Amino acid sequence: MTDRSRGGARNLPQGRDPSRHQKHSPRPQDNRHRPKSARRGPPHPRTHHELDPRKVAFETLRRVRPGDLLEPALMETLRHLGHGEAFAHRVLPMLEDATRLAILFDHLIAHVASRPALELDGDVRAALHLFLAWFLCGDSKAVYAHGNAAVDLLSDRHKGRGFVNACVRRLGEFLTVEAAPAEDYRGMIARHERIALWPDRARLGGGRVVRAERGLLPDPATNLAGHLSLACGLPRVLVDRLIEQYGEAGAIQACVAAVEHPATWVRPNPLAYTDDLALWWISRGVDVKTAPIEGAVDAIALPAGVNVTQHPAFERGAFYVQDYSAQLVAPALQPRPGQTLLDLCAAPGGKAGHLAELTRDGAKILACDLTEQKIARVQQNIARMGYRSVATVIADAATVRFPQPFDGVLVDAPCSNSGVLARRVEARHRISAESVAELGKLQLAILENAALNLKPGGVLVYSVCSVLMEEGVDIVHKFMGKGREDAGWEVEHENFLLPVPSWHDGGYLARLRAPEA
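So, here is what we can say about the structure in this document. These numbers were taken from a predicted model, which means no experiment stands behind them.

### Concerning the packing of helix 3 (residues 92-100) against helix 5 (residues 122-137)
When two helices pack together, their arrangement is given by the angle between the helix axes and the distance between those axes. At a minimum axis distance of 9 Å, the contact between helix 3 and helix 5 shows a crossing angle of 105°. Relative to helix 5, the element helix 3 is oriented roughly perpendicular. Note on element contacts: helix 5 touches helix 3 through His-129, Leu-130, Ala-133, Trp-134 and Cys-137, opposite Met-94, Asp-97, Ala-98 and Arg-100. Among the residues forming the contact of helix 3 with helix 5, the class breakdown is six nonpolar, one polar and two charged.

### Regarding the pattern of salt bridges
If you walk through the whole model with that rule in mind, you get 28 salt bridges. A salt bridge links Arg-423 to Asp-323, with the nearest nitrogen and oxygen atoms 2.5 Å apart. Placement of Arg-423 in the loop between strand 11 (406-412) and helix 16 (433-452) and of Asp-323 in the loop between strand 7 (319-321) and helix 12 (324-327) is noted, with a sequence separation of 100 residues between them. As far as the burial class goes, Arg-423 and Asp-323 line up, both buried. Through salt bridges that share partners, Glu-59, Arg-62, Arg-63 and Asp-123 make up one connected network.

### Brief notes about the environment of Phe-131
Positionally, Phe-131 belongs in helix 5. Residues Phe-131 and Asn-148 lie 17 residues apart in sequence; the distance between their C-alpha atoms is 9.2 Å. In contact with Phe-131, not counting residues within four places along its chain, are Val-143, His-146, Gly-147, Ala-150, Val-168 and Leu-171.

### Examining the packing of helix 9 (residues 224-231) against helix 10 (residues 236-257)
Taken N-terminus to C-terminus, the directions of helix 9 and helix 10 make an angle of 95°; their axes are 10 Å apart at the nearest point. When the interaxial angle is binned, helix 9 and helix 10 end up roughly perpendicular. Mapping the contact onto sequence places Leu-224, Ala-225, Gly-226, Leu-228 and Ser-229 in helix 9 and Arg-236, Val-239, Asp-240, Ile-243, Glu-248, Ala-251, Ile-252 and Cys-255 in helix 10. Split into classes, the residues belonging to the contact of helix 9 with helix 10 amount to eight nonpolar, two polar and three charged.

### Remarks on the nonpolar core
Ranked by internal contacts, the top residues of the largest apolar core, which has 60 residues, are Leu-108, Leu-132, Leu-136 and Leu-175. When residues of this core are assigned to their parent elements, the largest contribution, 11 residues, is made by helix 5. Not counting chain neighbours up to four residues away, the residues in contact with Leu-136 comprise Phe-105, Leu-108, Leu-175, Val-177, Leu-204, Arg-208 and Val-210.

### Description of the sheet that holds strand 3 (residues 208-212)
With antiparallel pairing, three strands are arranged side by side in an open sheet as 1-3-2. Looking at the sheet topology across the chains shown, the edges are occupied by strand 1 (175-179) and strand 2 (201-205). Strand-to-strand, the axes of this sheet are offset by a mean angle of 30°, without reference to chain direction.

### A look at the state of the cysteines
Going through the model one piece at a time under the given rule, you end up with zero disulfides. Cys-167 carries a free sulfur, and the closest cysteine sulfur to it, the one in Cys-137, is 18 Å from it. Classification of Cys-167 by relative accessible area gives buried; the value is 0%. Unpaired in terms of disulfides, Cys-415 finds its nearest cysteine sulfur in Cys-465, a separation of 3.3 Å.

### Re the sheet that holds strand 7
Remark on secondary structure: sheet strands pair via backbone hydrogen bonds, oriented parallel or antiparallel. Taking strand neighbours across the sheet as the criterion, the four strands line up as 5-6-4-7 in an open arrangement whose pairing is antiparallel. Each having just a single partner strand, strand 5 (289-291) and strand 7 make up the two edges of the open sheet. Within the sheet, the average angular offset between the axes of one strand and its neighbour, ignoring direction, is 30°. The pairing of strand 5 with strand 6 (residues 299-302) spans three bridges and is classified as antiparallel. Counted as the bridge partner of Thr-290 is Ile-300 from strand 6. Sheet contacts for helix 14 (residues 350-358): strand 4 (264-268) and strand 7; angle to strand 4, the most-contacted strand, approximately 35°.

### Things to note about the environment of Ala-301
Topologically, Ala-301 is positioned in strand 6. By relative accessible area, Ala-301 is classed as buried at 3%. Each C-alpha atom of the pair Ala-301 and Ala-291 lies 7.6 Å from the other, and the pair is 10 residues apart in sequence. Beyond its immediate sequence surroundings of up to four residues, Ala-301 is in contact with Ala-263, Thr-264, Trp-265, Asp-287, Val-288, Lys-289 and Trp-503.

Criteria and cut-off values
Residues numbered from 1 in each chain as written. Predicted model: local features only at pLDDT ≥ 70, side-chain atom pairs only at ≥ 80, totals over all residues. Heavy atoms only, no water. Axes fitted to C-alpha atoms, helices over the stretch in contact; angles between N-to-C directions. Helix = DSSP H or I, 4+ residues; strand = E, 2+ residues; numbered from the N terminus. Parallel < 35°, antiparallel > 145°, perpendicular 65-115°, else oblique. Contact = heavy atoms within 4.5 Å. Nonpolar A, V, L, I, M, F, W, Y, C, P; charged D, E, K, R; others polar. Salt bridge = Lys/Arg side-chain N within 4 Å of Asp/Glu carboxyl O. Buried < 20%, exposed > 50% of the residue type's maximum accessible area, 1.4 Å probe, protein only. Core = buried A, V, L, I, M, F, W, Y, C linked by side-chain atoms within 4.5 Å. Pairing = 2+ DSSP bridges. Disulfide = S-S within 2.5 Å.

Written out as structure tokens, the structure is:
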């Protein structure tokens, strides 16, 4: 379950390790063509005035492969252009929109092009995707300016300029952007009402829909999976499994949540703050909501896109940015002061820090992860939050054996991120039947190794920020099925949490207890 907030470049002081959940996540074959012009030359300095955010986005998008993390790719482009990270916040949102809606954009392009978008020149496809991001998710009234900018992304000698020009003009005539119908997703889900779908419209997030003059999408009444895959920009294999595992209403909820921007959630740090954190935002007109977390302080929800680093208490470690779903994990371990606790897949450190808060900094907590870069992110967050009870070590969660077992072990395993696709927009392009199967092998290996590092009678929490049963309950069943249930292991608690559109992420967690010696 993710600690990540959307639009990370807006909140760089609490950055994340770009390689989080990527090392073990297989990636489908790249379909984008790379012309020789895409090969990177030597870096050269640029002044602030010379850097066009649209061209920076294009230089990044034309080089990334499906599933590549956007922030590291963008930072590489900025370094190549001789500019710092401060420029990223002007570029990252358009890259996220182009990636989040890429499958829908390919479908729209196919309506006006002579061949499928995946068969187009890579630079042409990148330019068209950015045009649609600017037009549909930005200023929809400036369609002609966006079209000209898209054409100008290609060099004067590029043979695709005329094709791009024709496509953007047709798309501008074919599509209109409208305000989305007012939808109370939380209320609809609580009342067991199905979220509406339309054959002529698709959600864009941010209170917008795109409508076409003629048929845009498969009719959801007769082809629900095909509709959701295109309308929500998701691989068909993922949609099929969601329908199979959660039924039509649950699948619609999860798919729509992958499009709508969720709230920005923060976790108050009771070790550091002394007053009501929410009052600062409320006094500035921010709509603040709270949600209870059993065994912990209430989570605070802010509107999507709020820059939390502006809060004067941020640098003092008074709160940590962490989704509601992720705030459920550490309390499930039921930690107590004086215990020894292990967080096996700790980066970026949110859950290890939550354990420190729940034990009043009175436990001995070891945060473990695979690389020096990941551990550095954990250490940075520990330092900002002011924890004294958390130590770190570089180790492989699937194989490491520590000299002494622990009272409690927390495993937030690498996964497909299928429950957090609104935040990790790139992850949808890594999901395939093969990648999920490979991740399942790794998840089971980590869980079994976690058990070897647990004391008799100890507690083990397994969690993933995926809603696919192959990565959650099926892994726990495989673990218990290897004779452990007969040996006295117990599954004390399970939580299946589907993402709620515009509200929170989804995931799975289970609390297991080992038998006494």
